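Single-letter residue listing:
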Amino acid sequence: MSRTIMLIPISAGVGLTSVSLGVIRAMERKGVKVSFFKPIAQPRHGGDQPDLTSAILSSSSDIKIAEPMQMSKVETLIGSEKMDVLLESIVERYNQINKDSEVTLIEGLVPTRKHPFANQVNAEVAKTLGAEIVFVATPGTDNPTQLKERIEVACSNFGGTKNNNIAGVIINKLNAPVDEDGRTRPDLSEIFDDTDQAKQTNLEVMQIFNSSPIRVLGCVPWRIDLIATRAIDMAKHLNAEIINEGEINTRRIRSITFCARSLPNMIEHFKPGSLLVTSADRPDVMVAAALAAMNGVDIGAVLLTGGYDMPETIMNLCRPAFESGLPIFKAQGNTWQTSLNLQSFSLEVPADDKERIEFVNEHVASHIDGPWIDTLTEGTQGIRRLSPPAFRYQLTEFARRANKRIVLPEGDEPRTVKAASICAERGIAECVLLGNPEEIKRVAIQQGVELGTGITIINPSDAREQYVERLVELRKNKGMTEVVAREQLQDTVVLGTMMLEKGEVDGLVSGAVHTTANTIRPPLQLIKTAPNASLVSSIFFMLLPDQVLVYGDCAINPDPNSEQLAEIAIQSADSAAAFGIEPRVAMISYSTGTSGQGADVDKVREATRIAQEKRPDLIIDGPLQYDAAIMENVAASKAPNSPVAGKATVFVFPDLNTGNTTYKAVQRSADLVSIGPMLQGMRKPVNDLSRGALVDDIVYTIALTAIQASQEQK
């Protein structure tokens, strides 16, 4: 039987959308099939604009969402004392989405001066839908005791703490900087030079609620990255003229500095994510910002005030900084007017800011009570598809448990440094960075990250000599000498591979600046294939909206024969199982079953037979056309008796041309994330990155490698 959970905010400003998204993500991580319903749209600025949470979920997920009612219509019904009509309409919309869901999440109304009826409507909706109530609160300026009392008072509007339908409370924005009215106000000290207004509340929430009948289902700490807006959003809010676009669509604002002091007293604020606000008649500030940008500091943006132009000579002098991606835009008002406009900027996440939405989802989900989520599907049956959020969550959880050491030969590459910091912070793996320590630390400062516990920096020049003898021994049959060995060890990939060969690290990840050949050749020569493998192949994890598929081989073997194709299928199936995906292997061809003839189809047919014979425990079928493998209605007509058709999770392509083309076509056309390539068949795990890899791509590849290392040990 499905469950209905209703999130009810006890006041305005609790971050209800963030909590809704995080709870949904926490459910998705555990494979819960969830739907969402905001019964009444309540946009921030009034009117009948789309509801924010529904808009975000519509653009970033495929979960079922019911259409909310417009606030104007609801106000008319309430004013006409037609609450029964309102509730009937809500029930009708609710019934459209809850039938196939294990949990339906309802988002309540926020009580505001414009909507004083919110608590009454929330209580009626919860009662009508039989929903379990979860309150959402934020501490504001309350101490722990006051927060507890305020939540218990809120319970009294819903039958009191003895109401069995009250599941608990989620407390959001712990330790957020707030003003005297309890509103979240980051960076007040820098904007107003008044540190007394930015209060930090250190709460011992769990201790306080030990004596309360209300269960705490989540404590979500505040972080500046939750509200780190894109520079373009700030420019739009100010109706600013863009002087230099640069990376305005991707750079984020984490702090605001008004450059009113002398330059030596402001340099410390020229840091990653900082919005530098300066009058256009301060060329010294503009030149200093340009120098910082040229030295690799990703300043968020420069905002010019006063309404007049920067001198052309200064613009030309700063041109190289513009080309590095530094966004510059101009507001018409003076600095004081601009500061007032900045105060009115909405901290809500825009529905099209996918990166920030993903961060909010993951951050909030990580602080929701796991055992409570587990109880939501007790008694339900059936095999669930592994959703992308569940897959990513499993990756990080499995990697944490593996507790492995991964070497990163490109140790001074900015994305790699940032990824290593994230891995250390999340406990995904201990990362070993190869490179000049001073250069790596400089890059870390530019990226605004810390390199502390969980990160080791090794200077290649200090380490090479100890691997010369072993490298000569391994390659003596190829004529290796000490002179050549020392020369080859100048390559950090070769050095990292030697560390892996000697067991000093558990895996290697490279490719952010090296080619695939540069990354793979040394391991193939020095690590070699696993004892039970005759070749090395690769897979991509394709994160479709509702499930994760495995594609192989899309990166290594140009034209495998039947025996090699069979081994690729077996390797891919084992890899899928290792990462929590139930392997149902489709051997892809241009023909399904016995309908086609030709050498290419015969190769796939023979590979299927060999794979089935070698591994009768696996579910493998082929040849199958792609549509027959993935679509149930096509499978019903083309391969009605196939155990794989229509529900394949592992797709094995007949050659590299087909595999690489298909994975890129699906990835780009559907705008989905793919993780890989992950190499299979190596004696120890080595993985290659795309040179266009994002920081998150590197993080997940490190996690994959750590898990592979754990599997190799087993």
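In the nomenclature of an unreviewed UniProt entry, the protein chain is known as Phosphate acetyltransferase of Vibrio ruber. Heading Function (unreviewed entry) of the UniProt record for the protein chain holds this comment: "Involved in acetate metabolism."

S.K.: I'd love a proper account of the overall build of the protein chain, names of residues and values included.
M.R.: Each helix and strand counted, the protein chain has 29 helices and 25 strands in total. For 714 residues, the compact-globule estimate of 2.2 N^0.38 gives 27 Å, and the protein chain sits close to it at 29 Å. Expressed along its principal axes, the backbone C-alpha trace of the protein chain runs to roughly 85 × 70 × 50 Å. Every one of the 714 residues in the protein chain was classed for burial, and the buried ones make up 54%. If you take every contact in the protein chain between residues at least 6 apart in sequence, the share linking residues at least 24 apart comes to 74%. As displayed, the protein chain has an accessible area near 31,200 Å², and 48% of this comes from carbon and sulfur atoms. Here the protein chain contributes 71 positively and 88 negatively charged side chains, and the mean placements of these two sets differ by 2 Å.

S.K.: How would you explain helix α3 (residues 71–79) if you had to name every residue and give the values?
M.R.: For an α-helix, 3.6 residues make a turn, and residues three or four places apart therefore share a direction. Every buried residue of α3 is accounted for by M71, V74 and L77. Down the axis, α3 shows its buried residues gathered within 120° of arc, on one side only. Turned more than 90 degrees off the buried face of α3, the exposed positions are T76 and G79. Here the buried face of α3 lies against α4 (83–95). Phi turns positive, to about 55°, at E81, one or two residues after α3.

S.K.: Describe the packing of helix α22 (residues 492–501) against helix α23 (residues 516–526), naming the residues involved and giving the relevant values.
M.R.: The contact between α22 and α23 brings their axes to 9 Å, and the two run at 35°. Seen along the crossing, α22 lies across α23 with a hand that is right-handed. Residues V493, V494, T497, M498 and E501 of α22 form the contact with α23, whose own contacting residues are N518, T519, P522, P523 and L526. Each residue belonging to the contact of α22 with α23 can be placed in one class, and the counts come to six nonpolar, three polar and one charged.

Thresholds, definitions, all that
Residues numbered from 1 in each chain as written. Predicted model: local features only at pLDDT ≥ 70, side-chain atom pairs only at ≥ 80, totals over all residues. Heavy atoms only, no water. UniProt positions renumbered as here; feature names shortened; annotations may be inferred. Helix = DSSP H or I, 4+ residues; strand = E, 2+ residues; numbered from the N terminus. Rg over C-alpha atoms; globule rule 2.2 N^0.38 Å. Buried < 20%, exposed > 50% of the residue type's maximum accessible area, 1.4 Å probe, protein only. Contact = heavy atoms within 4.5 Å. Areas by Shrake-Rupley, 256 points an atom, 1.4 Å probe, with all protein chains shown as cover. Lys, Arg positive; Asp, Glu negative; His and termini not counted. Charge placed at Lys NZ, Arg CZ, Asp CG, Glu CD. Arc of directions from axis to C-beta. Axes fitted to C-alpha atoms, helices over the stretch in contact; angles between N-to-C directions. Left-handed = near helix turned anticlockwise from the far one by under 90°. Nonpolar A, V, L, I, M, F, W, Y, C, P; charged D, E, K, R; others polar.

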